[in-house]
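So you can see what is in the structure, the chains are spelled out below.
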Amino acid sequence: MAKSATFSFEAAELATYLGAKNASALEKVFGYTTVGQFLWHFPRRYVEVGELTPISELPFDDHVTVVAQVVNVSQRQMHSRRGFIFEVTVSDELSSDGQELKMTFFNGYQARTDLQVGVIAMFSGKVGWYQDHLQLNQPDYAILDEVAQAEPRPIPIYPASAKMPNKRIRDLMAVLEEEFTAENLPEFLPEKVLKAHSFQRRHMALADRHFPKETKHAYIARQRFAFEEAFMLQLALAERGRQLGTQHAVARPKVVGKLADNFDAQLPFTLTEEQVAVGDQISSDLTQSHPMHRLLQGEVGSGKTVVALRAILQVIDAGGQAALLAPTEVLASQHYASIKKMLGPLAEPGLFGEGEGTVVALLTGSAKTAHRRETRLGIASGKTGLIIGTHALLGDQVQFADLGLVVVDEQHRFGVEQRDALRAKAGDALPHTLVMTATPIPRTVAMTVFGDLETSTIKRLPAGRAPIQTHIVPMQLTGFRSRLFSRMTEEVSKGHQVYVVCPRISDSTAEQGVLLATYEDSAGQTMSVEAMKELLDGMPEFVAVRIEALHSQMDAAEKQSIMDSFARGDIDVLVSTTVIEVGVDVHNATLMVIMDAERFGISQLHQLRGRVGRGGLPGTCLMTTWLDADHPSVGRLKTIESTTDGFELAEADLAERKEGNILGVQQSGSKSSLRELSIIKDRALIEQARADVVNLTEEANWGKTYPQLLSVAGNWVDDSTKEYLNKN
Ligand code: ADP
Ligand code: MG
């Protein structure tokens, strides 16, 4: 935050108020240098002594919070799989009979560092039974440095560490509390907004957040600061919207009786209602003379491509060019082939003057130089109406005659920078942009929550498409393991095809030897493409099965030829890395096996399973894992198992991340990082803030009426955030 006179307290160096020693400790542990950064170091929660449970009175199968001292620690290796168990024994003062409680942390690296003998901490978790004693599994904990005394007030529990324990943070905050005045912490939200929501003024809310008389006061204060963040971000977005409104794009209204109409007339299927509705929406966006920014979200296989193609043809009919950007060469080539096929004669330009078809071209990095040059000429001259390609399209040498529309397929695989590079090729007027995805990236979800991204959704699959069945396969259980392989041969014997995706390409030779000795021995090892292929090749039941491997280290021609023969049905089982993640469209493939699925992210898994069940045959996705059912990573797999809604999955993905990362902003004390606001949980608050901002900015001269707000708003969102908000 910029140092302005009114915010001199927050901008002051910590040493001024807390002394050099404390200041340097806070900087070392948290990276804080200013008072403001430290003030926004909020308690994670509060404990009231009444909530504590003595160890001697632990209930079974219930959630408890205990304050206790570590008396013993130990560690043991897991036998059946990778990982270790860190075990902590604690005792508390509330239980006079010296009763102890055990806790276990699976792969508890952090716990091992934090919980050394003698440390006092607050633990909370669910009481379970193990062998002959009660224990807590993976409890949450906060390190304290004194046993909580019978205090009348709730104890704030801060993010803390051994070097900067909770007590010291409280003491330092108490020193600052004397300075929590209206002068030091000036209010900037408009009075009527505060009133409408019954929020405290800033300095009072801050005191309630750190030192509440009752826990509920802290939560009301928390709402205030969360709202403040939402409000300021909405204000920044409103300003950005105002600027965008002034950007220019060439209007590309629908022309009757040309390519777009001819295409509709020759479609081999009927568009679904949603495809038609979204198409109409896009068509009217393209008619505007400011740039369209639209996200087209739709289940894998929901038919987004044909929607995009209709928009592309509208733009070409209106005299512009369109670019379709795909994340991989395989996908670009596939789009090229299927679009040429769908267009048929419409992709064959007639004699000059007839204006029947348009030229569709493919530009990828691996094309021959001469061919690339020719393709680029077609683009520059305007002869080519639709150019399909990978990031090779972004190169400097590619010049468009009149780029009117950029379609980005599978948005999650692209950096926003790459998209901007293409947009920059349109000259003064910006091209319209349509971004397609089955799994929006977290930032997109955030922008949608903020109400700042136009989104169209296709929820229903085209008729005759069966939804995909997804199952977790626990590899520790022999029965499941053998069933996995028999499911594969069953599909093959029905004449269907199978994908097997592995998290890596190869293993070291030594490892591979062990892995292949017997499959049992591979327990807990990450499966590789090469090892899996060898394994299947060596299994008697796969003797007649045609198996090939595919991965990114092969050269483009080899990859293409393997993909082609899989598409022709000449390969039964394709063992690969995630190169097949997006777009690949082989209708006869019905089974997707994902090995060590916990190694993949939510959106990757969702994309991968979308590769099967595309041709009217029902699809199945099997995700294998060696992890225990209660491992946190298996929770993620369960989410995938339970829903096929891409937006729901993106939200789950978002909820897993730290809020601060969502806006792509470093947490380094910048005011605009989200400290209190949760994009998922505070959705209602965000909508409220948006409405308030709309009301406010509709007032004439609001800046003059609320000078304080205006001056804070200018600085609140820092440059990196501004840049980030602008990338869409
Ligand atoms: P995605 O949304 O995953 O990109 P695609 O656009 O690749 O999906 O469409 C999947 C398949 O469904 C394609 O083969 C496409 O031709 C077909 N398709 C699209 N729309 C319809 C429809 N309305 N009826 C029948 N099939 C359709
Ligand atoms: Mg697609």
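Residues numbered from 1 in each chain as written. Chains lettered and ligands numbered in written order. Predicted model: local features only at pLDDT ≥ 70, side-chain atom pairs only at ≥ 80, totals over all residues. Heavy atoms only, no water.

## A closer look at the confidence of the model for the protein chain
Consideration 1: Mean pLDDT over the protein chain stands at 83; residues scoring 70 or higher make up 86%.
Consideration 2: The low-confidence segment residues 512-518, where pLDDT is below 50, has 15 contacts with residues more than four positions distant or belonging to other chains.
Consideration 3: Contacts of residues 664-672 to residues separated by more than four positions or lying in other chains number 27 contacts, the stretch itself having pLDDT below 50. (pLDDT = per-residue confidence, 0-100. Contact = heavy atoms within 4.5 Å.)

## Thoughts on the packing of aromatic side chains
Pairs of aromatic rings are described using the distance from one ring centre to the other and the angle between the two planes.
Consideration 1: Under the defined criterion, the tally for this structure stands at 14 aromatic pairs.
Consideration 2: With 5.9 Å between their ring centres and 50 degrees between their planes, W40 and F42 make a pair best called tilted.
Consideration 3: Residue class for W40 comes out buried when judged on its relative accessible area of 7%.
Consideration 4: In textbook terms, an aromatic cluster arises when at least three aromatic residues are bridged by ring pairs, as seen for F30, Y32 and F38. (Phe/Tyr/Trp six-rings, centres within 6.5 Å; stacked < 30°, edge-to-face > 60°. Buried < 20%, exposed > 50% of the residue type's maximum accessible area, 1.4 Å probe, protein only.)

## Looking at the site of ligand 1
Consideration 1: Residues in contact with ligand 1 amount to 18 residues; listed here are only the nearest, T270, Q275, G301, K304 and T305.
Consideration 2: Take Q275: an N or O atom from its side chain is 2.9 Å from a nitrogen atom of ligand 1.
Consideration 3: Backbone polar atom of S302 to an oxygen atom of ligand 1: 3.4 Å apart, as the coordinates give it.
Consideration 4: Out of a free accessible area of 570 Å², ligand 1 has 83% covered by protein chains.
Consideration 5: Per element, the largest residue contribution to the shell around ligand 1 is three residues, and it comes from helix α11 (residues 304-317). (Near = heavy atom within 4 Å. Polar contact = N/O pair within 3.5 Å; in protein donor to acceptor, adjacent residues only side chain to side chain. Areas by Shrake-Rupley, 256 points an atom, 1.4 Å probe, with all protein chains shown as cover. Helix = DSSP H or I, 4+ residues; strand = E, 2+ residues; numbered from the N terminus.)

## As for the sheet that holds strand β12 (residues 384-389)
Across a sheet, strands are paired by hydrogen bonds formed along the backbone, either parallel or antiparallel in direction.
Consideration 1: Taken in spatial order, the seven strands of this open sheet run β11-β12-β10-β13-β14-β9-β15, and their pairing is parallel. Unpaired on one side and paired on the other, β11 (359-363) and β15 (454-458) mark the two borders of the sheet. Along the sheet, successive strands turn relative to each other by an average axial angle of 20 degrees, direction set aside.
Consideration 2: Across four bridges, strand β10 (residues 321-325) lies against β12 in parallel orientation. By the bridge assignment, L325 is partnered in β12 with G389.
Consideration 3: Sheet contacts for helix α12 (residues 329-343): β10, β11 and β12; angle to β11, the most-contacted strand, approximately 170 degrees. (Pairing = 2+ DSSP bridges. Axes fitted to C-alpha atoms, helices over the stretch in contact; angles between N-to-C directions.)

## A few points about the packing of helix α2 (residues 14-30) against helix α5 (residues 166-177)
Consideration 1: Here α2 crosses α5 at 135 degrees, and the two axes come no closer than 12 Å. With respect to α5, the element α2 is oriented oblique. The chirality of how α2 crosses α5 is left-handed. Within the contact between the two elements, α2 uses Y17, L18, K21, N22, A25, L26 and F30 and α5 uses R168, I169, L172, V175 and L176.
Consideration 2: By residue class, the composition of the contact of α2 with α5 is nine nonpolar, one polar and two charged. (Parallel < 35°, antiparallel > 145°, perpendicular 65-115°, else oblique. Left-handed = near helix turned anticlockwise from the far one by under 90°. Nonpolar A, V, L, I, M, F, W, Y, C, P; charged D, E, K, R; others polar.)

## A look at the sheet that holds strand β16 (residues 469-474)
Consideration 1: The sheet built from six strands is open, its strands ordered β16-β21-β20-β17-β19-β18 with parallel pairing. For this open sheet the edge positions go to β16 and β18 (547-550), each flanked by a neighbour on one side alone. The mean inter-strand angle of the sheet, taken between neighbouring strand axes irrespective of direction, is 20 degrees.
Consideration 2: Its contacts with the sheet put helix α18 (residues 529-538) on β17 (497-501), β18 and β19 (573-576), and the angle it makes with β18 is roughly 175 degrees.
Consideration 3: Against the sheet, helix α19 (residues 556-568) makes contact with β17, β18, β19 and β20 (589-594), and its axis sits at roughly 140 degrees relative to β18, the strand it touches most.

## Thoughts on the side chain of S124
Consideration 1: The residue S124 is located in strand β5 (residues 120-130) in this model.
Consideration 2: Among all residues touching S124, those that are not within four sequence positions of it are R45, V64, T65, P139 and D140.

## Looking at the nonpolar core
Consideration 1: Among the nonpolar cores identified, the biggest contains 50 residues, and F227, F231, I387 and L709 are the most heavily contacted of them.
Consideration 2: Residue contributions to this core peak at eight residues, all from helix α8 (residues 215-244).
Consideration 3: Core analysis: the next-biggest nonpolar cluster, separate from the first, contains 37 residues, V307, L309, V315 and L405 among them. (Core = buried A, V, L, I, M, F, W, Y, C linked by side-chain atoms within 4.5 Å.)

## Brief notes about the pattern of salt bridges
Consideration 1: Inspection of every chain in the model, using the stated rule, returns 22 salt bridges.
Consideration 2: Among the salt bridges present, the one from E228 reaches R224, with a minimum N-O distance of 2.5 Å. With a gap of four residues between them, E228 and R224 both fall in helix α8, about one helical turn apart.
Consideration 3: By relative accessible area, E228 is classed as buried at 3%.
Consideration 4: Measuring nitrogen to oxygen at the nearest pair gives 3.5 Å for the salt bridge that ties R487 to E490. With R487 and E490 both in helix α16 (residues 478-493) and three residues apart, this pair spans about one turn of that helix. (Salt bridge = Lys/Arg side-chain N within 4 Å of Asp/Glu carboxyl O.)

## A short note on the environment of S711
Consideration 1: Residue placement: S711 occurs in helix α26 (residues 707-716).
Consideration 2: Spatially, the C-alpha atom of S711 lies 9.0 Å from that of F188, the residues being 523 residues apart in sequence.

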